[in-house]
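Descriptive structure summary
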Amino acid sequence: MRTNGPWWIILLLLLLCNRSPAQSLNQPYQLTTQYGENLRQAIERLAGNYQINFAYVPELLERQLVEAADYSAADIESLLRQLLSGLPVQYRILSDDRILLRRIKLKDDTGSEQTLTINGSILDGTSGQVMMNVAIALDTLNLGTMSDEQGRFSLTLPVAMADRSVYIYHIGYKTKHLPVNQLGRNTTIRLQTEALPLDEILIIERLPSLSSSLQDGSIRIRGEGIEGGIAGQLAGKDLFRQVQLMAGVSAADDLSSDIKIRGSNADETLIILDGMPLYKVDHFYGVFSALNSSYIDEVRLYKNALPIQYGGRTGGMLWMQSADRIDQLEGKVDINLLSGALQINAPLSPSLGVSLSGRRSYTNVASSKLFDWVGTQVDNYTEDTEDKIRPELLNTVPDFGFSDYNGKLLFAPNDRHRLALNLYHSSDKYLNSYSNASSRRFNQERIYREEAFEEEQEWKNLGASLQYQASLPNNWQLESDLFYTDYRFGGGLMASIISTAPRETRDFEISNDQQNQVENAGYRLLLNKKTASGNLLQLGTSLNQYQTAFAVTSEVDTLLSSKGNTYDAQVFANYRWAPVDRLQVDIGGRMNYYKATQKLYPAPRISATYLFKFGLALKSSYSVNYQFIRELTHENRLGQSVDLILLSDDDRFPVGQSTNYMLGGTYHLNKWFFDLELYHKDQANVIDHSSVNLDFGDEPIRPAQSQNYRIFVGEGNVNGLDATIGWEYTHYTGHLAYTLSKATNSFPGIFMGKVIPSRDDRRHQLKWINTFTTGRFEFSGNLIYSSGRPYYNLARIPRELGDRRESDPDLRRIVSWLPAYFRVDLGAAYGFMLGGTKAKLGLSVFNITNNSNVKYLQYIYSDVFEVGGSGVNTINGSQTDLLDRTLNLSFELEF
């Protein structure tokens, strides 16, 4: 594998930057208001300039006139305090780019005012001069004001907040922390000078509910973006299905909610929920993700360099966090034709809250007729075997059910400390079976065949985490996670054939069984500190303890088995600074120690972003990644792939490695958003477990029982680009995502090291996502296209091919491609009030054009029959199709 990658990606961005001396972005937030302008106009201009999503009642802001003035501040919170000073409007910062504005008006049940007012003046403690633009803010609710030109301030608060405290702070002065009940009217507060660091602020480009963060390189999804439009919903709202609609993420498998990023396998994506690493987070056959979207508050997708505290994967990361505030009773009920879900947040006290969710299927999909909306299901079995010719491929539909549960206990006494206990559990059962009878004529005799096939799988997930966040002295911030996860999988496959001829009866049976278990316990600790110059220093350590076991068996013997118990430990550091104005650079790395190999694995990470004044941002990243817990793809005799999780070693399963490069740009223009990323990835120690021989051997009917399986180790290479165009209008939002990608592998032990397509090599993927609202109606539509993926066509493989290790075939002959994937989804929803509660009724149609998309081909036995007086050999099996036209109805209550 090459390790000297294109460093010019980083150098090119640096050369584009201004080489003038470093300048401090002291006041990056600015706003000029005009005479006669109302507050709504000012807020809309502020939102457009800095890509911030404000939520408010339009009539409230339109009634408030602002003075003609020039405002400037080091952060958005300080600017809002200046702008809203003296107005009956309060703000609440929900996240980096989401702010709620509402009227200051609190009443009890009788309608009487229940507020208290504190006022006074702010003076310089040394000179005694009045101080303007001093921030006075409540410690937990982000309510505050600013002192005026005479140093005076007035702040109205709920009476219930009398036991809280307020912060009084100004750049260059020591912050004061005073209890509300010690303040009154005409209070004089003196501030002492202090040299305080200035924070660098980087503007984050955004779409409504979907934003691209220039600060950490992630795509962030929040609020309605997590639940998505009504189109394409199979079992209610599905977070992973929404993520699959992003550029660079595979969406061409209806029966897989896996997150496969830029040609990587699903196991190469790190899945984090509330600090817990999760494995195989899907429901039956991968049709649905095993997470309740209503429970998730924020999602971040990383396709390039990961945050410094995370590692252990070579493809990317999907980071999810549930509610970090539980200050009011709220919940949601979601019912559809396949499953029902409940989510509720309930405060137990001002500082303690609980969040719970559950989801469960209450009907088998196959029996619900949703997979055969127009016609009826065809039974492949028949008693009349005269002239009954078996098709080479039989279509099958799986049968399954699932459940998942989440829980969170959150303790937040103030904004300086936060402690959360999180729990997660999911369970799945899956069955796919068919039977068939057929007859064929050979050598003037009729041969009767009966076959049966059954595949059964069951898997479970259990997870728990304890998260603690704290503000420490000297401007240090602490983030820590303690976690445990347990994944268990068991499944088996059986196929039998009875062949009856006038002179003999032959029968055979083949079986494949798999067992897999993974336990992962560990911790993650991160310290952040803003330096005096406004830069960010990050230090930390982490540990993962693993215990795994797996076995693959057949009716003859055990093909593969292993047990492992080891750990990996890391120390890491990152430094973020602005060497020149508008340039942000992150340089850091992780030092990994893996006990199983007793080796150190250094993993450097570098990223840079340059922001132009007209809204264009250039970005780049370079990272080296290692993966110690891996997924082995076992290809059985029937051409079916099974994924097993195992531990790396220096013997059969080497440590995975990837080196990732990215160069791109982001541009925001009014209601439009443009993002482009060019990427390259080198992969080392790619593993594959399959048979040395691809054919069925010399014996007719059955696959060869002599199963010559080998573990192949090779290299991989992925090149491509991701492009996204998004738009936001009052009634119409959406995005168009395109991915061009080429993923190849090379194994010295396969076809003499020839470069072959990887298992999920899809060259083109296009996704067009649309949502239109008018009144109480919402309409949505998705169009998804993807090139087909490659597979070995056993029907074309000549017998003389023999051992793959020593053959050099024409790959164009034996490598075939599944048909291209195409799907159109439509949906409509109507919102209304039901007894004072928000309600929504929805209808969705998945694959409305009823396009036939193929998941995989599975070969079971060879057959010989007579055509024109000579014997013809064929390979028979089954073709598993993806979902046909699927209807779903949903009903939602939100309280």
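Numbering of residues starts from 1 in every chain and runs along the sequence as written. In keeping with the predicted nature of the model, local features appear solely for residues at pLDDT of at least 70, side-chain atom pairs appear and are counted solely at 80 or more, and the whole-chain, interface and lining totals rest on all residues. Calculation of side-chain values draws on the structure's entire complement of heavy atoms; hydrogens and water are dropped beforehand.

**A word on the sheet that holds strand β5 (residues 98–103)**
An order of β2-β5-β4 is seen for the 3 strands of this open sheet, with the pairing classed as mixed. Each edge of the sheet is formed by a strand with only one pairing partner; in this case those strands are β2 (53–55) and β4 (89–95). Between one strand axis and the next, the sheet turns by 25° as a mean value, whatever way the strands run. Pairing between β2 and β5: 3 bridges, direction parallel. Bridge pairing in β5 places Phe54 opposite Ile99. Here a strand pair is declared whenever DSSP counts at least two bridges between the two strands. Helix and strand assignments follow DSSP, with helices taken as H or I runs no shorter than four residues and strands as E runs no shorter than two, numbered in order from the N terminus. Here, axes are lines fitted to C-alpha atoms. For helices the fit covers the stretch in contact, and angles between N-to-C directions go from 0 to 180 degrees.

**A closer look at the packing of aromatic side chains**
Only rings of Phe, Tyr and Trp enter the pairing, Trp through its six-membered ring, and a pair is recorded when the two centres are within 6.5 Å. The plane angle decides the type: under 30 degrees is stacked, over 60 is edge-to-face, the rest tilted. Using the criterion set out here, one finds 17 aromatic pairs in the structure. Ring geometry for Tyr830 and Phe832: centres 5.8 Å apart, planes at 20°, overall stacked. The rule is simple: take the accessible area with a 1.4 Å probe, protein chains only, and divide by the maximum for that residue type; under 20% is buried, over 50% is exposed, in between is partly exposed. Assessed through its relative accessible area of 22%, Phe832 is described here as partly exposed. Three or more aromatic residues joined by ring pairs make a cluster, and in this case those are Tyr667, Trp672, Phe674, Trp727, Tyr729 and Tyr732. Here the guanidinium or amino end of Arg300 rests over the ring plane of Trp319, the centre of that ring lying 4.6 Å away. A ring is scored as having a charge over it whenever the NZ atom of a lysine or the CZ atom of an arginine sits within 6 Å of its centre and within 35 degrees of its normal.

**A few points about the sheet that holds strand β10 (residues 165–169)**
Through backbone hydrogen bonds, the strands of a sheet pair up, either in parallel or in antiparallel fashion. If you trace the 4 strands from one edge of the open sheet to the other, you get β8-β7-β10-β11, paired in antiparallel fashion. Pairing within the sheet leaves two strands with one partner each, and these edge strands are β8 (144–146) and β11 (176–179). Across the sheet, the axes of successive neighbouring strands diverge by a mean angle of 20°, strand direction being ignored. Pairing of strand β7 (residues 135–138) with β8 involves 3 bridges; the strand directions are antiparallel. Paired with Ala135 across the two strands is Met146, which belongs to β8.

**A few points about the confidence of the model for the protein**
A score between 0 and 100, pLDDT records how confident the predictor is in each residue. Confidence in the prediction of the protein, expressed as mean pLDDT, is 77, and 75% of residues score 70 or more. It only takes one pair of heavy atoms within 4.5 Å for two residues to be counted as in contact. Contacts for the low-pLDDT stretch residues 1–26, under 50 throughout, to residues beyond four places or in other chains number 53 contacts. With pLDDT under 50 throughout, residues 870–878 is counted as low confidence; its partners more than four residues away or in other chains account for 45 contacts.

**Looking at a nonpolar patch on the surface**
In this analysis, a patch consists of residues with relative accessible area above 30% that form no salt bridge, clustered at 9 Å for like charges and at 5 Å for the nonpolar side chains Val, Leu, Ile, Met, Phe, Trp and Tyr. What sets the accessible areas is the Shrake-Rupley method with a 1.4 Å probe; for residues, cover comes only from the shown protein chains. A pairing counts as a salt bridge when a side-chain nitrogen of Lys or Arg comes within 4 Å of a carboxyl oxygen of Asp or Glu. There is a patch of nonpolar side chains on the surface, built from Leu348, Leu409, Phe411, Leu419, Leu421, Leu423, Leu466 and Leu482 and spanning about 690 Å² of accessible area. The set of elements that each furnish at least two residues to the nonpolar patch consists of β26 (399–414) and β27 (417–442). If one sorts the elements of the nonpolar patch by residue count, β27 sits on top with 3 residues. You can see Leu423 is positioned in strand β27. Taking the relative accessible area as the measure of exposure, Leu423 reaches 47% and is therefore partly exposed.

**Here we look at unusual backbone geometry**
Not every positive phi belongs to a glycine, and Asn474 is a case in point at roughly 60°. Relative to the elements of secondary structure, Asn474 occurs in the loop between β28 (445–472) and β29 (476–500). Given the relative accessible area of 63%, Asn474 is considered exposed. Although it is not a glycine, Asn475 sits at a positive phi angle of roughly 65°. Take Asn475: it is sitting in the loop between β28 and β29.

**Focus: helix α2 (residues 39–50)**
To estimate how far a helix should extend, the number of its residues minus one is multiplied by 1.5 Å. For α2, with 12 residues, the first-to-last C-alpha span of 17 Å sits near the 16 Å given by 1.5 Å per residue. In this structure, the buried residues of α2 make contact with β1 (29–33), β2, α3 (58–62), α4 (76–84), β4 and β5. Where α2 begins, the capping side chain belongs to Asn38, and its oxygen is found 3.1 Å from the backbone nitrogen of Arg40. Nitrogen and oxygen atoms within 3.5 Å of one another constitute a polar contact, given that in protein one can donate a hydrogen and the other can accept it, and given that sequence-neighbouring residues count only through two side-chain atoms.

**Comments concerning the pairing of strand β48 (residues 837–846)**
Both strand β47 (residues 821–834) and β48 contribute to a ladder of 9 bridges, which runs antiparallel. Bridge assignment links Ala829 to a residue of β48, and that residue is Gly842. Hairpin connection from β47 to β48: 2 residues lie between these consecutive antiparallel strands, with Gly835 at a positive phi of about 60°. The sheet contact formed by β48 and strand β51 (residues 886–894) spans 9 bridges and is antiparallel. Looking at the pairing, Lys838 lines up with Glu894 of β51.

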